[in-house]
Amino acid sequence: MIAPSDDPRRERLRKAVALETVDKVPVCLEGVAWSARVTGMTLKTFLSDPLLATQANIEAFELVGNADSVNNPTFDVSSLSFLWMTRVKRPGYGGLGDDEPWQVEESGLMTLEDYDAIIEGGWAPFQIAYLNERVAPGKFEDFIKFVQGTGAVVEKANAASMPFLAVGVLTTPFEFLCGGRSFSQFVFDLYRTPDKVEAAMQAMMPGLSDAGLGLSAAVGAPGIWIGGWRSASKMLAQPLWDRFVFPYMKEIIAQTVAAGITPILHLDSDWTRDLPRLLELPAKTCVLSLDSMTDIRKAKEIVGDHMCIMGDVPPALLSSGTPEQVYDYCSKLLTDVGPTGLILQSGCDIPVDAPLANVKAMADAAADA
Amino acid sequence: MTDTLTSALVEMREDDVLVAVRAAQAAGTSSPDIIAALQAGMKDIGDKYEAGDYFLSELIMSAEIFKRALEELGLDRSAADTGTRGTVVLGTVHTDIHDIGKNIVASVLSANGFKVVDLGVDVPAQKFVDAARDNNARVIGLSCLLTTAFPAMQETVAAFAAAGLRDNVTIMIGGGPVNSDLARQLGADGAGTSAQDAVILAGKAVEGGAS
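Residues numbered from 1 in each chain as written. Chains lettered and ligands numbered in written order. Predicted model: local features only at pLDDT ≥ 70, side-chain atom pairs only at ≥ 80, totals over all residues.

Within chain B one finds 9 helices and 5 strands. Ordered by position in the sequence, the α and β elements of chain B form the string α-α-α-α-β-α-β-α-β-α-β-α-β-α. Its C-alpha atoms give chain B a radius of gyration of 17 Å, within 12% of the compact-globule value 17 Å for 211 residues. Viewed in the frame of its principal axes, chain B has a C-alpha envelope of about 55 × 35 × 30 Å. (Helix = DSSP H or I, 4+ residues; strand = E, 2+ residues; numbered from the N terminus. Rg over C-alpha atoms; globule rule 2.2 N^0.38 Å.)

So, in structure tokens, the structure goes:
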């Protein structure tokens, strides 16, 4: 959890999560690739060393000037392969230029038979073999190496006095399997072989979140992401969501809270339909991070007295709008959703091509409110 | 009998759809009539999606069942997308290789009676123009996931203007970061964030309103 702090920025974040009165709505930067671009670092270089990525984050944070934290102090694309069980094209390799954004190659590397392997042998052995044999040789070790650098990353962020919210990402069995199978194929599986998918999900749960929670506790991270991308309400029929998504998400959130860590529900796409279900989660404990596809005002209405809301400046606005348009959007958001229980942030990542002036306009809107 | 087929499709009862297709065939129902019953189901599913009763999983699963029903008839998808509602040229624009959303849109458009010319990913602007001309397409679908692909979308719109085809086609953009403001900014005619949005936009383009 976010501990009380003499640092006014950290204290704002703590109060926002606890739904207490704040002197200013805190602003969080979620700008992994953007931090590289805005500081003149190629994405290839950014991804070559977690500490270089941290350095870019620190410099970008300082360029904006009046933000309160970053979301994550570093990043590596191996984490995307780990979460989505798929290949990711890296800048500088496989035809991508040194400064072109990484791109997920979802090619359905997981087979129908793999559900049996997961049920019989458990998740961890399957995932390690899968990453190394199907995604790329040494892919699992790449990810572990990245994770092992977390302590140094946190030390660097702290030395630069850059608050951050999380260093890890958890997700549900749905997201791992859906990424591996590819979205359409996984939907077919949910209709055609639901019992087998469910058995695999249940086999995955024991220990699924232990490493992420353990790492976060070890380095003193206040929160951890719990990601939802393809499991959004808009993606799934209600019975499928009720059976294959929410029970697992709820359990992972319970484990996270029990570990003393703030769950940051990073929910991309549209979750509006199921906002009332979030009232089943612990009060004044979670952060609901929205990407602009979920109706954030409806979220405020339904769960605003129950959990902190984070978001949701649209990526297209940050990328292609003017500073005035960004400022106006944020000002309205601060009025409608804040000031209590709001952390102002981009909807998902700040786009790599967002002008600095637009990001500064977001932070300025909170400072001026 | 075709009512049974339609309702089985709307309720995602895949095995029942296939049984009903075989039964209809055995009873002498023509393939076009069977396809029409299936497309009535797809229309109903689209309406339910619009009403907020159905979600993307139903759009995808119904398109898959539709495809299997055609296979049961000994036909492929082209039997249903012979341009009865028009041709859509679709692709992920240059510099972007993401294709999940684009593939879903292709399936759902096809199952809703459009002929789809799928150009794949990382598609140069001129290739969209050439495909539109070659296939006499009236609707163009540009997909992206990355905001860095916005310039490529704009270049593609401009390429249609340069070729003198801009007034002949409706250009719709789709993908996670797009919206109608962006469509206006890029010079496109509309934006969608779901496969059903594409069906509606394409329907309006070729039929002047109704989807």
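Following the structure, the description resumes.
Residues and elements named next belong to chain A. Interaxial distance between helix α4 (residues 50–64) and helix α9 (residues 150–159) falls to 9 Å at its minimum, and their mutual angle equals 20°. Overall, the two elements α4 and α9 adopt an arrangement that is roughly parallel. The two elements α4 and α9 meet at a crossing, and its hand is right-handed. Contacts between α4 and α9 involve Pro 50, Leu 51, Thr 54 and Ile 58 from the former and Ala 152, Val 153, Lys 156 and Ala 157 from the latter. Grouping the amino acids of the contact of α4 with α9 by side-chain chemistry returns 6 nonpolar, 1 polar and 1 charged. (Axes fitted to C-alpha atoms, helices over the stretch in contact; angles between N-to-C directions. Parallel < 35°, antiparallel > 145°, perpendicular 65-115°, else oblique. Left-handed = near helix turned anticlockwise from the far one by under 90°. Contact = placed C-beta atoms within 7 Å. Nonpolar A, V, L, I, M, F, W, Y, C, P; charged D, E, K, R; others polar.)

Residue and element names in this part refer to chain A. Across the 6 residues that make up strand β9 (residues 308–313), a large majority, 6, are buried. Pairing of strand β8 (residues 287–290) with β9 involves 3 bridges; the strand directions are parallel. Within β9, the position partnered with Val 287 by the bridge is Cys 308. Between β8 and its parallel partner β9, the chain crosses via helix α16 (residues 296–303), and the hand of that crossover is right-handed. Here 5 bridges tie β9 to strand β10 (residues 342–346), and the two strands are oriented parallel to one another. Directly across from Asp 312, in β10, lies its bridge partner Gln 345. (Buried ≥ 20, exposed ≤ 12 C-beta atoms within 10 Å, placed from the backbone. Pairing = 2+ DSSP bridges. Right-handed = clockwise from strand over helix to strand, strands pointing away.)

Turning our attention to the domain arrangement of chain B. Residue and element names in this part refer to chain B. Assigned domains within chain B: domain 1 (2–79) and domain 2 (87–207). Each of domain 1 and domain 2 has a C-alpha centre, and these two points are 26 Å apart. Counting residues at the interface gives 12 residues for domain 1 and 11 residues for domain 2. Of all the elements in the fold, those that place two or more residues in the side of domain 1 that touches domain 2 are α3 (31–50) and α4 (56–72). (Domains from an automatic or database assignment.)

Before going further, it helps to examine the sheet that holds strand β3 (residues 139–143) of chain B. Residues and elements named next belong to chain B. Strand order in the open sheet formed by 5 strands is β2-β1-β3-β4-β5, and the pairing between neighbours is parallel. Each edge of the open sheet carries a strand with a single partner, namely β2 (115–118) and β5 (190–192). Each strand of the sheet is rotated relative to its neighbour by a mean of 25°, with strand direction disregarded. Here helix α5 (residues 100–111) sits on the sheet and contacts β1 (87–92), β2, β3 and β4 (170–174); the angle it forms with β1, its principal contact strand, is near 170°.

All names here are of chain A. Viewed as axis vectors pointing N to C, helix α6 (residues 114–121) and helix α12 (residues 194–204) meet at an angle of 40°, and their least axial separation amounts to 8 Å. Taken together, α6 and α12 sit at an angle that is classed as oblique. Judged by the twist between their axes, the crossing of α6 over α12 is left-handed. Residue-level contacts link Tyr 115, Ile 118 and Ile 119 of α6 to Lys 196, Val 197, Ala 199, Ala 200, Ala 203 and Met 204 of α12. Taken together, the residues of the contact of α6 with α12 break down into 8 nonpolar, no polar and 1 charged.

Now for the environment of Gln 55 of chain A. You can see Gln 55 of chain A is positioned in helix α4. Sequence separation between Gln 55 of chain A and Val 153 of chain A is 98 residues, and the spatial gap between their C-alpha atoms is 9.1 Å.

Here the focus is helix α19 (residues 356–368) of chain A. With 13 residues, α19 of chain A extends 18 Å from end C-alpha to end C-alpha; this agrees with the ideal 18 Å at 1.5 Å per step. Among the residues of α19 of chain A, those classed as buried are Asn 358, Val 359, Ala 361, Met 362, Ala 363, Asp 364, Ala 365 and Ala 366 of chain A. (Expected span 1.5 Å × (residues − 1).)

At the interface, 24 residues of chain B touch 23 residues of chain A. Broken down by secondary-structure element, the contributors of at least two residues to the side of chain B that touches chain A are α4, α5 and α8 (180–186) of chain B. Ranked by the residues each element gives to the side of chain B that touches chain A, the list is headed by α4 of chain B, at 6 residues. Looking at the side of chain B that touches chain A residue by residue, the classes come out as 14 nonpolar, 7 polar and 3 charged.

Attention now moves to the sheet that holds β10 of chain A. Sheet strands associate in pairs through backbone hydrogen bonding, adopting either a parallel or an antiparallel arrangement. Residues and elements named next belong to chain A. In space, the 6 strands of this open sheet follow the order β5-β6-β7-β8-β9-β10, with parallel pairing throughout. Each edge of the sheet is formed by a strand with only one pairing partner; in this case those strands are β5 (166–171) and β10. Ignoring which end each strand starts from, the neighbouring axes of this sheet average 25° apart. Relative to strand β7 (residues 262–267), strand β6 (residues 223–228) runs parallel, the two sharing 6 bridges. Looking at the pairing, Gly 227 lines up with His 266 of β7. Against the sheet, helix α13 (residues 210–219) touches β5 and β6, its axis set at about 165° to β5.

Our next topic: the environment of Tyr 93 of chain A. Residues and elements named next belong to chain A. Along the polypeptide, Tyr 93 turns up in the loop between β3 (87–89) and β4 (103–105). Owing to 11 C-beta atoms within 10 Å, Tyr 93 belongs among the exposed residues under this scheme. When the C-alpha positions of Tyr 93 and Lys 44 are compared, they lie 8.7 Å apart, and in sequence the two are 49 residues distant.

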